[in-house]
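Read off the chains here:
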Amino acid sequence: MKQPPAEVTGDIEDIFEYYWEELEITDTAQGSIRHKHSALNKLQVYLIENGFAVEKDESYEYDLSEFGRRDAKKLLKWLKYDAGIDRSTANVYAIQIKKFIQFFDQIGHFAWNPVATELQNFDFEVDQETTKKHIPTNTLRTEIQQTIDPITFVIVFLLAKWGVRRSELTNVDLHDVHLDHPLYDSLFPKPRPEIRDYPDTVYISSEIKEAHEGPHGEVRNWGNKRVRSTKIPIDRETKKVLIWHVAQLMPTELPSEPLLRSQATANNLGDRLGANSISDRVKLWARERGWNEIDMSLDESVHAHWFRHLFTTHLRKNVDPSDINGHSVDYFVKGLRGDTGEDVIDTYT
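Caption draft 1: Representation of the overall build of the protein in the model. The secondary structure content of the protein amounts to 13 helices and five strands. Looking at the 349 residues of the protein, the share that counts as buried comes to 45%. The contacts of the protein with a sequence gap of at least 6 include a subset with a gap of at least 24, amounting to 63%. Carbon and sulfur atoms make up 47% of the accessible area of the protein, which amounts to about 19100 Å² in all.

Caption draft 2: Structural context of helix H10 (residues 236-247). For H10, which comprises twelve residues, the first-to-last C-alpha distance of 17 Å matches the rise-based estimate of 16 Å (1.5 Å per residue) to within 8%. As for H10, its buried residues are in contact with helix H7 (150-162), strand S3 (177-178) and helix H9 (184-187).

Caption draft 3: Main features of the side chain of His178. Looking at the element boundaries, His178 is found in strand S3. The class of His178 is buried, set by a relative accessible area of 12%. Looking at His178, its side chain comes within polar contact range of the main-chain oxygen of Ile195, at 2.7 Å. Within polar-contact distance, the side chain of His178 engages the backbone oxygen of Tyr198 at 3.5 Å. What His178 contacts, discounting residues up to four positions off in sequence, is Tyr184, Pro191, Ile195, Arg196, Tyr198, Pro199, Asp200 and Thr201.

Caption draft 4: Representation of the sheet that holds S3. Spatially, S3-S4-S5 is the arrangement adopted by the three strands of the open sheet, whose pairing is antiparallel. Bordering the open sheet on either side are S3 and strand S5 (230-233), each of which pairs with just one other strand.

Caption draft 5: Quick look at the pairing of strand S1 (residues 53-56). Where S1 and strand S2 (residues 59-62) come together, four bridges link them in antiparallel fashion. By the bridge assignment, Ala53 is partnered in S2 with Tyr62. Remark: two residues form the turn of the hairpin made by S1 and S2, two consecutive strands paired antiparallel; Asp57 in that turn has positive phi of roughly 55°.

Caption draft 6: Here's a closer look at the pattern of salt bridges. If you walk through the whole model with that rule in mind, you get 18 salt bridges. Between Lys161 and Glu237 there is a salt bridge, with its nearest N and O atoms 2.7 Å apart. Within this pair, whereas Lys161 is found in helix H7, its partner Glu237 is found in helix H10, the two being separated by 76 residues in sequence. Close ionic contact of Arg220 with Asp173 constitutes a salt bridge, the shortest N to O distance being 2.8 Å. Note that Arg220 is positioned in the loop between strand S4 (201-204) and S5 and Asp173 in the loop between helix H8 (166-170) and S3, a separation of 47 residues in sequence. The burial state of Arg220 is the same as that of Asp173; both residues are buried. One salt-bridge network, in which partners are shared between bridges, spans Arg141, Lys161, Asp235 and Glu237.

Caption draft 7: Broad picture of the packing of aromatic side chains. In this structure the tally under the stated criterion is 19 aromatic pairs. Their ring planes at 45° and their centres at 6.1 Å tell us that Tyr18 and Phe104 sit as a pair that is tilted. Taken together, the positions of Tyr18 in helix H1 (residues 15-25) and Phe104 in helix H4 (residues 87-106) put the pair 86 residues apart, joining distant regions of the chain. When the ring of Phe153 is compared with that of Trp244, the centres are 5.8 Å apart and the planes differ by 80°; the resulting orientation is edge-to-face.

Caption draft 8: Up close: H7. In this model H7 runs 18 Å from its N-terminal to its C-terminal C-alpha over 13 residues, within 8% of the 18 Å that 1.5 Å per residue would give. Within H7, ten of the 13 residues are buried, leaving the element largely enclosed by the surrounding structure. Burial in H7 covers these residues: Ile151, Thr152, Phe153, Val154, Ile155, Val156, Phe157, Leu158, Leu159 and Trp162. Count one or two residues on from H7 and you reach Gly163, which has phi positive near 65°.

Parameters and conventions
Residues numbered from 1 in each chain as written. Predicted model: local features only at pLDDT ≥ 70, side-chain atom pairs only at ≥ 80, totals over all residues. Heavy atoms only, no water. Helix = DSSP H or I, 4+ residues; strand = E, 2+ residues; numbered from the N terminus. Buried < 20%, exposed > 50% of the residue type's maximum accessible area, 1.4 Å probe, protein only. Contact = heavy atoms within 4.5 Å. Areas by Shrake-Rupley, 256 points an atom, 1.4 Å probe, with all protein chains shown as cover. Expected span 1.5 Å × (residues − 1). Polar contact = N/O pair within 3.5 Å; in protein donor to acceptor, adjacent residues only side chain to side chain. Pairing = 2+ DSSP bridges. Salt bridge = Lys/Arg side-chain N within 4 Å of Asp/Glu carboxyl O. Phe/Tyr/Trp six-rings, centres within 6.5 Å; stacked < 30°, edge-to-face > 60°.

Below is the structure:
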């Protein structure tokens, strides 16, 4: 395949600043940029401590022209043992650093990507067993069923069923849901084109960005971190809950018709329920059941993102390759989660 010509990059004075500008140009979500910052801050520390940076005008000038394969191996070993982070985080940071160097490799500023080469055979020893708070499935199901507040019930139910992030749940609109049900046409608008031929499906878009216009011109306060848009199947139980929920939804003036709406009596009545509101409701719900304490760490408590870990771990343990035509369970779960790359799933298990 014919490769595009490399950019002329001789005028790049600071590779990190140039990379941040590139991310802004490509509309990378702010949350994702902050995540990359954390990884590349570690890289900067390593480069400064190991002679790949020169102090200049109260800052540093970084030179990777002599950064080779052994240097990459030493960097990965440093992330694993000496960077002050756990090994699963070190693994994620290594992936971000690889992508950073890969960008400059692709535009012709670096000769090659030694981190990518060494990362192929480097073992961060990610623990396959979850350290997250464990709640038996039957107990969780009973507690969800006994939830009195209707909005909280729908939130925890859908987080468990779909494995989506809180930002992705807040961005679901009625036209993102297609149900094979007699009441569908009277309760829902026409489904979006991507799922019109896929009944009993919810569509999670990867194109919704923070502070950018989404469908119907509504500027979204939260972006979807999903790498690619995903069709998630809806089972019979979820279908019943969705029909019940939409049948008694608060009216809204938003043409996008969000699935989750505020019940407040102030001016935001019927507005899209935000991601922070989802988090607050889940935390309160879990605290009422004795699963959260104020001084607990995230690993010890139940929160909105805990359900994404639950979703991943449950499916990975309970789906058999024979159920999915002999395909890899990992890739099946990654497909539902909207992830790419083999590095992601172990972080959530």
